[in-house]
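Here is what each chain is made of, one letter per residue.
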Amino acid sequence: MSNNPTIILGIESSCDDTSAAVIRDGILLSNVTANQAVHKQYGGVVPELASRAHQSNIVPVVETAIQQAGIDKNHLSAVAFTQGPGLLGSLLVGISFAKGFALANQIPLISVNHMQGHILAHFIRQKDELNKPVPEFPFLCLTVSGGHTQIVKVNDYFDMEIIGETIDDAAGEAFDKIAKIMGLPYPGGPLIDKLAQEGNPLAFSFPKPKVGKFEFSFSGLKTSVLYFLRKKIQENPDFIEQHKTDIAASVQHIIVEILVEKLLQAAQQFGIRQVAVAGGVSANSGLRQALQHKAKENNLELFIPPFAYCTDNAAMIAMAGYFKYLANDFAGQDVVPNARLKFGK
Ligand code: KG4
Ligand code: ZN
């Protein structure tokens, strides 16, 4: 073995964030993300606009990440990129860039599953965090993003089983769609979170879905909020404006309750004492508080990622890439993006 450090460049472009990060021997050196404001006015991500924005962002974002890491790009060991799941056009920009970069710098390519990246974000450490505890295998991870809601049994870095997932909308999607009904801009999740902090979570009650033990369903909730608000607006056209904090708090309350309840049930059924949460919705303050409370009550050890690694970021892709590098798991130049990439048994 050589004593050269292992330095991985990670690239994330699956949705509407263009991100690049550098990890040296498992320690994060830089993580740079360009968000795309262009989608706000459309109430959701417009795939074609996302691809174009990735194209203009990717070179400066990668250059900044390398510069901030203080490394020479000739010392990079490999380039890791998100292969999927995500928007095909967006993934294509990252993958094409990674292929060209790997060829030009004569380094190997590593493909990463975005959802596994979210989970492996729990292993990211900065240089002053060497003693930071990380989850031990096996642990359960509630992965909640804009496109996915899953409870995953993580047996090893890349040995992950999906215990249950949503049969329709994802939790993040529910936040965003309900926010849209309330007239809030995209992405609505963080805005509902902010409004909810001022509201009463028990002001309005919405039904819980009747689905399998570890399954989730959020499309019924969205519809019941829609009908509820339509009715209220007929009685009072200013209802939403006058009650937006209570509506947000009540919606958040039910989503959080569903998520936490299922995660606790899974922990009990599988006899696992370490639980984690990952993905954009793990930034939600109500979810973080409820998980902290319930973990304490049930004597579980809880892992919540720092905010920077909840929503899409390349640090998690570089981290997953580092573990794949150690396992000699490389991709060829013929690798293609997969919008519906899956993992697990
Ligand atoms: O993981 P992520 O950045 O992208 C995907 O892989 O989908 O997740 C984005 C989702 C969006 O639906 C967004 O509204 C939601 O995460 N989100 C939140 C919060 N921050 C981001 N939802 C609720 N509360 C938040 N604070
Ligand atoms: Zn994501």
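In this report, the structure presented in the accompanying data block is examined.

Description of the site of ligand 1
Inspection of the region around ligand 1 gives 19 residues, with Gly146, Asp176, Asp193, Asn284 and Asp312 positioned closest. One of the side-chain nitrogen or oxygen atoms of aspartate 176 is found 2.6 Å away from an oxygen atom of ligand 1. A distance of 2.9 Å separates a nitrogen atom of ligand 1 from a polar side-chain atom of aspartate 193. Breaking the shell around ligand 1 down by element, the ones donating at least two residues are α3 (114–120), α4 (171–181) and α5 (189–196). A breakdown of the residues in the shell around ligand 1 according to their chemical character gives five nonpolar, eleven polar and three charged.

Points about the sheet that holds strand β7 (residues 149–156)
Taken together, the five strands give an open sheet; going across it, the order is β8-β7-β6-β9-β10, and neighbouring strands pair in mixed fashion. A strand with exactly one partner marks an edge of an open sheet, and here the two such strands are β8 (159–165) and β10 (301–303). In this sheet, neighbouring strand axes are inclined to one another by 25° on average, regardless of whether the strands run parallel or antiparallel. Sheet analysis places strand β9 (residues 274–278) next to β10, joined by three bridges and oriented parallel. Residue alanine 276 lies in a different strand from β10, and its bridge partner there is phenylalanine 303. Sitting on the sheet, helix α8 (residues 285–297) is in contact with β6 (139–144), β9 and β10, with an inclination near 160° to β10.

Considering the packing of aromatic side chains
Tallied over the full model, the rule gives 16 aromatic pairs. Look at phenylalanine 216 and phenylalanine 218: their rings are 6.3 Å apart centre to centre, the planes differ by 10°, and that puts the pair in the stacked class. For the pair phenylalanine 216 and phenylalanine 218, one class covers both residues: buried. An aromatic cluster of at least three residues, connected via ring pairs, comprises Phe123, Phe137, Phe139, Tyr157, Tyr322 and Phe323. The lysine or arginine in question, arginine 288, covers the ring of phenylalanine 307, its NZ or CZ lying 4.0 Å from the ring centre.

What counts and how
- Residues numbered from 1 in each chain as written.
- Chains lettered and ligands numbered in written order.
- Predicted model: local features only at pLDDT ≥ 70, side-chain atom pairs only at ≥ 80, totals over all residues.
- Heavy atoms only, no water.
- Near = heavy atom within 4 Å.
- Polar contact = N/O pair within 3.5 Å; in protein donor to acceptor, adjacent residues only side chain to side chain.
- Helix = DSSP H or I, 4+ residues; strand = E, 2+ residues; numbered from the N terminus.
- Nonpolar A, V, L, I, M, F, W, Y, C, P; charged D, E, K, R; others polar.
- Pairing = 2+ DSSP bridges.
- Axes fitted to C-alpha atoms, helices over the stretch in contact; angles between N-to-C directions.
- Contact = heavy atoms within 4.5 Å.
- Phe/Tyr/Trp six-rings, centres within 6.5 Å; stacked < 30°, edge-to-face > 60°.
- Buried < 20%, exposed > 50% of the residue type's maximum accessible area, 1.4 Å probe, protein only.
- Lys NZ or Arg CZ within 6 Å of the ring centre and 35° of its normal.

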